[in-house]
Amino acid sequence: MVSGKTCSACRSRKVRCDGMEPTCGPCSKARRQMECVYISAVSSSPTQKGPLLQKGAACYACRRKKKKCDAIRPFCTTCKIAGKEHDCQYEDNVERSLTEALIAHSRNLEQRLAVYESQAASRSASTSREEVVEASAPAIELSDTLSDFLPPFAAPFIRGTSLSDIPSFFINQSPSRPSALRNDTNPLSINHHHIAAPLPNGDDFRALFLSHHGQLGVCLSQAKLEAIMVGDLSSTTVHPVLVHAAQLLGFRLWQEKTRTVYNPGIEEGQLSLIKQALLNTVDPVTRLQVHCMLAFYFLLRQFMQEGHEQLVQAVRTVTENNMTFNIQTEAPLQELSSQAKEQICALCQLMYLEKAANLVLNDPPMLTVQYEHEFRAVPYLFANLSKNNLVILRTRSVSLLHQTRAISAQWTELIVNPQYTSSNTQDQWYTDYWNLMEEVSEHISSLNTSMLKATFFHHREHGLVLKLCLIITLTASAELHRLLANNHIESRLKCLDMVFEIVGISRSLQDDDYIFLDPVLGICWSMVASVLKEEHAFAMDQFSLVHFKRLFHVLTTSASKLHRTLPYVDGSLERISAIASDIEELP
């Protein structure tokens, strides 16, 4: 027998081959004629494997799940087979937004240079100009190319329109020379230090606002949303001030998402249009909506004084017009009108901003206790509206967290100074505690179903708000269970269940989701970190300790991303990092 040689026929039949040539023994004894062919050692060698991947070349999904990855772009084979192409991300995607911004900036500079060169050629060819321009301002002609640098809401006025037809927002006119350009405050003067990419069309800004209007706390009828989309300023369906406010917020959100900064004159001019529109006759509900939108805008830009002034104006609008949640209908089960729905949602948004400012910034309350009592009855009076409206759901979540912190402070007083509290006071506390626990549990159950439904049908914006509401309400539940955890094992286990669910939802958040979240999450994550710190007082094995360190890693990472995206998270991040460092030092 010739060792090391096997014909193809014996190999396929899995028969021992003696290696004899030209025909081996098994093939010659076979009942049917076999093709006894020997394969060379080179061709029979196993297929050569591909090159080894470098460290960090695998996608994030395979690395997280510890699966083999071939690093094929745009989607690796493992993710493609699993149908998870949207999760297949590589490290270079993290810097993609910055690279795209730099490329867009280079194109922007090339376009601007071409515009200036064409202007120089036109000035040498023509001695007369249609408009008188001040000597200090650069000579700018309104061409199709230059319209790309204008504010998006100026686009409808540019092409085919003379300079004198453009609104005063874009061209600050002086009394002596109506069509003159002033270089000091004119938004048309391009600031090289601010513009980083060409501006999209104005419709894109309004579309961005409308796609996230629920997250921004705005509730409008379908007719008004369509009027805002087309930029209708005729006051037929929607007041022009809402169109300007939508344009402003859409522009700000676009800058935050793309991490670009434009000439501040664009936003200042839009703010002037809003201020001018508010001087006209505006119904109270619309005025309240605009003040809440401006408060969100200024707080997002960390303009504390301006944001506080807008909240004061909103509260004044509510009190002067006697706006309440108690809206009477002609029949008990009659559907609410669009105006009534907008009023309820506008009041909810104001209450949400007020309570969020109290939680994050320690601002004093502005609304009376009467509005708190009226709001608690909204889910029962208007069940259909409260079940699906994002503004009401988010306001209820923050309200429950606010009540939880208050009842937790009362519990501390009962523990620290029990001799100064009567039995009636303790009984009342327990009554309030269990009532609040029941309300929180009911709200969590409703939110879970709605969140699963929204994510199943890929309603990303809707599902993101529901995740925010769930984290806030689960934090309230964890804090309530924590109060009794030392003396009640079931409460301790429930508290840990809430913490694990909060961490699980936090891990599901993507990087581009954080701009649409809220600094209140920093408070929630710091409260969860405090709960985990108390859990270390109990005996813990090595496996549990490693698991807790992973939980803290998720909390620290999420809080860091929120801090990079939104303001007012510094204190929460410091508290979480301090607790996490203590956990890391444990053996």
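Residues numbered from 1 in each chain as written. Predicted model: local features only at pLDDT ≥ 70, side-chain atom pairs only at ≥ 80, totals over all residues. Heavy atoms only, no water.

Trainee: How do you make sense of empty space enclosed by the protein when you look at a structure like this?
Mentor: The probe, sized like a water molecule, is rolled over the atoms to show the empty space still left. The tally for this structure, following the rule as stated, stands at 4 cavities of 30 Å³ or more. Approximately 360 Å³ is the volume found for the largest cavity. As for the largest cavity, its lining consists of 23 residues, of which Phe296, Leu299, Leu353, Asp518 and Pro519 are closest to the centre. Of all elements in the fold, only α12 (284-300) and α14 (338-361) reach the threshold of two or more residues within the lining of the largest cavity. Looking at the lining of the largest cavity residue by residue, the class counts come to 19 nonpolar, 2 polar and 2 charged. (1 Å grid on protein atoms, 1.4 Å probe; cavity = no way out; pocket = protein on both sides within 12 Å on 5 of 7 lines; lining within 4 Å. Points joined across faces, edges and corners; volume = space filled by probe spheres on them. Helix = DSSP H or I, 4+ residues; strand = E, 2+ residues; numbered from the N terminus. Nonpolar A, V, L, I, M, F, W, Y, C, P; charged D, E, K, R; others polar.)

Trainee: Please explain the pattern of salt bridges as it appears in this structure.
Mentor: Note that side chains of opposite charge can pair when their charged atoms are close. Under the criterion given, the structure shown has 13 salt bridges. Note that Glu256 is salt-bridged to Arg252, the shortest N-O span being 3.1 Å. Placement of the pair is Glu256 and Arg252 together in helix α10 (residues 240-258), with a separation of 4 residues, close to one helical turn. Residue class for Glu256 comes out partly exposed when judged on its relative accessible area of 23%. With a shortest N-O distance of 3.8 Å, Arg396 and Glu439 are connected by a salt bridge. (Salt bridge = Lys/Arg side-chain N within 4 Å of Asp/Glu carboxyl O. Buried < 20%, exposed > 50% of the residue type's maximum accessible area, 1.4 Å probe, protein only.)

Trainee: Explain the packing of α10 against helix α11 (residues 264-278) here, please?
Mentor: Contact geometry of α10 with α11 gives a least axis separation of 9 Å together with a crossing angle of 155°. With respect to each other, α10 and α11 are oriented roughly antiparallel. Judged by the sense of rotation from one axis to the other, the crossing of α10 with α11 is left-handed. Between α10 and α11, the residues in contact are Val241, His244, Ala245, Gln247, Leu248, Phe251, Arg252 and Gln255 and Ile266, Glu267, Gln270, Leu271, Leu273, Ile274, Ala277 and Leu278, respectively. Of the residues in the contact of α10 with α11, the class split is 10 nonpolar, 4 polar and 2 charged. (Axes fitted to C-alpha atoms, helices over the stretch in contact; angles between N-to-C directions. Parallel < 35°, antiparallel > 145°, perpendicular 65-115°, else oblique. Left-handed = near helix turned anticlockwise from the far one by under 90°. Contact = heavy atoms within 4.5 Å.)

Trainee: Teacher, can you tell me more about helix α22 (residues 520-535) here?
Mentor: The α-helix advances 3.6 residues per turn, and as a result positions three or four apart in sequence lie on the same side. Here α22 spans 23 Å end to end across 16 residues, near enough to the 22 Å set by a 1.5 Å rise per residue. The element α22 is largely enclosed, with a buried count of 13 among its 16 residues. (Expected span 1.5 Å × (residues − 1).)

Trainee: Sorry, what's going on with the confidence of the model for the protein chain here?
Mentor: Low pLDDT marks regions whose predicted coordinates should not be analysed in detail. Of the residues in the protein chain, 76% reach a pLDDT of 70 or more, and the chain-wide mean stands at 77. Scored below 50 in pLDDT, residues 41-48 shows 1 contact in the model against residues more than four places distant or in partner chains. Note that pLDDT drops below 50 for residues 126-197; the model gives that stretch 125 contacts with residues more than four away or on any other chain. (pLDDT = per-residue confidence, 0-100.)

Trainee: I would appreciate a short explanation of the nonpolar core in the present structure.
Mentor: Of all hydrophobic cores here, the largest spans 132 residues; its most connected members are Leu288, Phe325, Ile344, Leu350 and Trp525. Considering each element in turn, this core owes the most residues, 13 residues, to helix α20 (residues 460-483). Non-local contacts of Phe325, meaning those with residues more than four positions away in its chain, are made with Ile344, Leu347, Cys348, Met351, Tyr371, Glu374, Phe375, Val378 and Phe382. Counting 10 residues, the second-largest nonpolar core is a separate cluster that includes Cys62, Cys69, Cys76 and Cys79. (Core = buried A, V, L, I, M, F, W, Y, C linked by side-chain atoms within 4.5 Å.)

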